[in-house]
Protein chains: 2
Amino acid sequence: MTVNAQPMMATPQTMHFAAALQLQSGSQVRDYTLAYETYGTLNADRSNAVLVCHALNASHHVAGIYEGQDKSEGWWDNMIGPGKPVDTDHFFVIGVNNLGSCFGSTGPMHTNPDTGLVYGADFPVVTVEDWVNTQALLLDRLGISQLAAVLGGSLGGMQALSWTLQYPDRVRHAVVVASAPNLTAENIAFNEVARRAIVTDPDFHGGHFYQHGVVPQRGLRIARMVGHITYLSDDVMNEKFGRRLRAPTLSAARDSLPPEGARPPQGGLAAGDATRDYLYTTQDVEFQIESYLRYQGDKFSEYFDANTYLLITRALDYFDPARTYGGDLSAAFARTAAKFLLVSFTTDWRFSPSRSREMVQALLNNQRDVSYAEIDAPHGHDAFLLDDARYMGVMRSYFARIHDELAAGVAA
Amino acid sequence: MTVNAQPMMATPQTMHFAAALQLQSGSQVRDYTLAYETYGTLNADRSNAVLVCHALNASHHVAGIYEGQDKSEGWWDNMIGPGKPVDTDHFFVIGVNNLGSCFGSTGPMHTNPDTGLVYGADFPVVTVEDWVNTQALLLDRLGISQLAAVLGGSLGGMQALSWTLQYPDRVRHAVVVASAPNLTAENIAFNEVARRAIVTDPDFHGGHFYQHGVVPQRGLRIARMVGHITYLSDDVMNEKFGRRLRAPTLSAARDSLPPEGARPPQGGLAAGDATRDYLYTTQDVEFQIESYLRYQGDKFSEYFDANTYLLITRALDYFDPARTYGGDLSAAFARTAAKFLLVSFTTDWRFSPSRSREMVQALLNNQRDVSYAEIDAPHGHDAFLLDDARYMGVMRSYFARIHDELAAGVAA
């Protein structure tokens, strides 16, 4: 239970794949590179590998920090590391950036070897199944034939689930957090709003904005704002922001002055006063929640690739392993062989607990070994990335069980 | 209970107000026109008037049809008319288009008499309280000193509520449907996404797009798509659309063909087959829900004014009668004198039943006469506009009670 005081160092690596990749859509990627990181040590019988799959805007940088960059913690650094729930003193943990993403693996901003031009919108549609296939090829090259566990939250959970269906013999445990067996109509609807905002931004140029030296930042901002709302619970938004007004700076107040003839704002604008008068403005920030969302949108639009956003939301939409079984999830899960831990969060309305329970039921229908934890956490979908004692406890004990199995030689 | 077979005819009217209107923001509107309609007959003692307040995209055309336009039913025609729950054989019903809207009353697309230019984004911010003030002035001109009832759903419910606070002596009954005493942070967040989509559309031109001969349709589409998602329940979306694919027409299928080299779509594209293969596209319509949302967005962007959208969502954000009472709704409601009916719908996550219960409790704390119905309807926020036997029954019996009171002379 001791957490190492010394931060774990992370080193990004890349692996090039020269063989063409056949995609689910029928398209191909002629050759490609995957960015990845590993933490901990692969044991002698290569049985302690844990693959971590990422969601929409994350990457292969799962844990640790980069040399000389104190604030560069990986996106799941609270979960993974020496002495942490997924203990890198016991496990060899692998993070991989998905094909089509924008953090080092081949994606829309790279050159299409067939044309010599940047892919842009011509990058083929990739699916959860395609990602799992590339991850399997990476494991082949790392000499790992079977994973101790595959682990992911949200879209990452879908990949973990898909591993148990595509490569049932290569996964001993699947840990599926805050996920779902497919998207609901409402989920797809939110994705579609985000995509339309991006695609209809005049700076999108049909997905070939790179050549124009612009980025569809307006669309990306809107996409991120919509996304953010769905990551948080109503309750946590009310607690964090409520109806509180943004404390205006002097200059913001000056920019936001009501039209001439209006009553001037009263009561210490410069001091930033949440009980100040309304500014009566439709375009300036009035409430804290607006300021927060704009900030999140601005930040996101500066680093995330618009074509990647389209691809990854589409991978979410398309994932539906029960589809070829007429919607029968139990029938789809018949081919699984792994043991499962599923975790959901009570206030997650994006991937609600009922979606996890569907999966639990379908696994039980197949007499699979499945553990399920429904965590009463206030933070909505975001909870899967946050510290919650019960959540962390569940994860820690499940991975301790996996470690015990390895130690007892059950794995072999 | 008999519904008239003959459709009720509606006639839009306008009334001009030459005196300047002082707004809550401190601004003024120098002179203005309100569009309105009335149905039924004002009785001799002018005691049977019912004012109907509208929400975001509705208007004064509440009920009936226009001469020669069979399909022109008012937006609440199922609720209001001869023999309907709000029975125009008994009541004199008034619908009024709010100031700043875009259906006949003075708004952003009209000329500012002070400048001779179209208002555009210079139209002053209007609040629920301002609207109630203009409605009161309209009633003055119609010779109505007291309303039998004020009635509204959603934002219209906020106006009904505000009537009981601003003009407690002029309202005998307030019927507040699917409403809230203020917006939550999440509500404001969705409004802000919609506003940002509009304001950052290059065709918005800072709100002065009229002079440029363009309309920020991209932004309006996104705004409407976001709005629509929040009007529906997750359940009803799954039932209406689920994950069903859009049945493609031949030309749509041709436009959506996967990139060269991809496996061609199989299985009767032309016939439109919900079990067809995915098209694997990020920009074309794949799912029915996408098609529905795009259609709603397109339609809306062709008739709704962008500046009006900003104004009306802001009026929603700003409404908060408890604000000047330190958030104490009971204290705010102490000045009410009306009797109340509140109605909410179980699957309405935009204005959830808990928000109505807050109001009920605050009214009970003031020993007010309050009835409350929580209708178990699947349709989300939209339920307030739809036919539901229990909802219609509650409304019908409440208005019958009001009519009985009038007949018994209680009103006087």
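Refer to the preceding data block for the structure.
1. What about the sheet that holds strand E12 (residues 370-375) of chain B?
Adjacent strands of a sheet form backbone hydrogen bonds with each other and so pair up, either parallel or antiparallel. Residue and element names in this part refer to chain B. Reading across from one edge, E1-E4-E8-E5-E9-E10-E11-E12 is the order of the eight strands in this open sheet, with mixed pairing throughout. Lying at the two open borders of the sheet, with one neighbouring strand each, are strand E1 (13-17) and E12. The average undirected angle you get between the axes of adjacent strands in this sheet is 20°. Where E1 lies against strand E4 (residues 32-39), five bridges are found, and the strand directions are antiparallel. Counterpart to Met15 in the pairing with E4 is Leu34.

2. Details of the packing of helix H3 (residues 185-199) of chain B against helix H4 (residues 217-231) of chain B
Residues and elements named next belong to chain B. Between H3 and H4, whose axes approach to 7 Å, the crossing angle comes to 165°. Regarding the angle of H3 to H4, the classification is roughly antiparallel. As H3 packs across H4, the resulting crossing turns out to be right-handed. Residues Phe190, Val193, Ala194, Ala197 and Ile198 of H3 touch H4, and the partners they reach there are Gly219, Leu220, Ile222, Ala223, Val226 and Thr230. In the contact of H3 with H4, the residues fall into nine nonpolar, two polar and no charged.

3. Some thoughts on the interface of chain A and chain B
Listed by partner, the interface residues are 68 residues for chain A and 68 residues for chain B. In this assembly, chain A packs against chain B so that about 5700 Å² is buried in total across both faces, 59% of it on carbon and sulfur atoms. Broken down residue by residue, the surface that chain A buries against chain B is led by A:Arg243, A:Tyr280 and A:Tyr318, which jointly contribute 13%. Summed over the shared surface of chain A and chain B, the result is eight salt bridges. Across the pair B:Glu290 and A:Arg195 runs a salt bridge, and its minimum N-O distance is 2.8 Å. Counting across the interface, chain A meets chain B through 30 residue pairs in polar contact (both at pLDDT 80 or more). The greatest single-element share of the side of chain A that touches chain B, amounting to eleven residues, is contributed by helix H3 (residues 185-199) of chain A.

4. As for the relation of the copies chain A and chain B
When chain A is fitted to chain B, the residual RMSD is 0.0 Å, and the transformation amounts to a turn of 180° plus an axial shift of 0.0 Å. Within this description, the copies of the chain are treated as partners about a two-fold rotation axis. Comparing interface residues between copies, 100% of those in chain A also lie at the interface in chain B; the contact surface is shared.

5. Some words on the packing of aromatic side chains
With the rule as written, the count across this model stands at 48 aromatic pairs over all chains. Measuring from centroid to centroid gives 5.5 Å for A:Phe300 and A:Tyr303, while their planes differ by 80°, and the two rings are edge-to-face. One end of the pair is A:Phe300 and the other is A:Tyr303, both in helix H7 (residues 288-303) and three residues apart, which spans about a single turn. A residue is classified by how much of its surface remains accessible, and A:Phe300, at 1% relative accessible area, is buried. Centroid distance B:Tyr119 to B:Phe123: 4.7 Å. Interplanar angle 75°. Geometry classified as edge-to-face.

6. As for the sheet that holds strand E12 (residues 173-177) of chain A
All names here are of chain A. The strand order across the open sheet formed by eight strands is E1-E4-E8-E5-E11-E12-E13-E14, and the pairing between neighbours is mixed. The sheet is open, and its two edges are formed by strand E1 (13-17) and strand E14 (370-375), each paired on a single side. Within the sheet, the average angular offset between the axes of one strand and its neighbour, ignoring direction, is 20°. One ladder, built from four bridges, connects strand E5 (residues 49-53) with strand E8 (residues 92-96); its direction is parallel.

7. A short note on the environment of A:Ala19
Residue and element names in this part refer to chain A. With respect to the element layout, Ala19 can be found in the loop between E1 and strand E2 (21-22). Assessed through its relative accessible area of 54%, Ala19 is described here as exposed. Spatially, the C-alpha atom of Ala19 lies 22 Å from that of Glu37, the residues being 18 residues apart in sequence. Those residues in contact with Ala19, other than ones at most four positions away along the chain, are Val29, Arg30 and Tyr32.

Quick notes on the rules
- Residues numbered from 1 in each chain as written.
- Chains lettered and ligands numbered in written order.
- Predicted model: local features only at pLDDT ≥ 70, side-chain atom pairs only at ≥ 80, totals over all residues.
- Heavy atoms only, no water.
- Pairing = 2+ DSSP bridges.
- Helix = DSSP H or I, 4+ residues; strand = E, 2+ residues; numbered from the N terminus.
- Axes fitted to C-alpha atoms, helices over the stretch in contact; angles between N-to-C directions.
- Parallel < 35°, antiparallel > 145°, perpendicular 65-115°, else oblique.
- Left-handed = near helix turned anticlockwise from the far one by under 90°.
- Contact = heavy atoms within 4.5 Å.
- Nonpolar A, V, L, I, M, F, W, Y, C, P; charged D, E, K, R; others polar.
- Buried area = accessible area lost by both parts, 1.4 Å probe.
- Salt bridge = Lys/Arg side-chain N within 4 Å of Asp/Glu carboxyl O.
- Polar contact = N/O pair within 3.5 Å; in protein donor to acceptor, adjacent residues only side chain to side chain.
- Least-squares fit on C-alpha atoms with pLDDT ≥ 70 in both.
- Phe/Tyr/Trp six-rings, centres within 6.5 Å; stacked < 30°, edge-to-face > 60°.
- Buried < 20%, exposed > 50% of the residue type's maximum accessible area, 1.4 Å probe, protein only.

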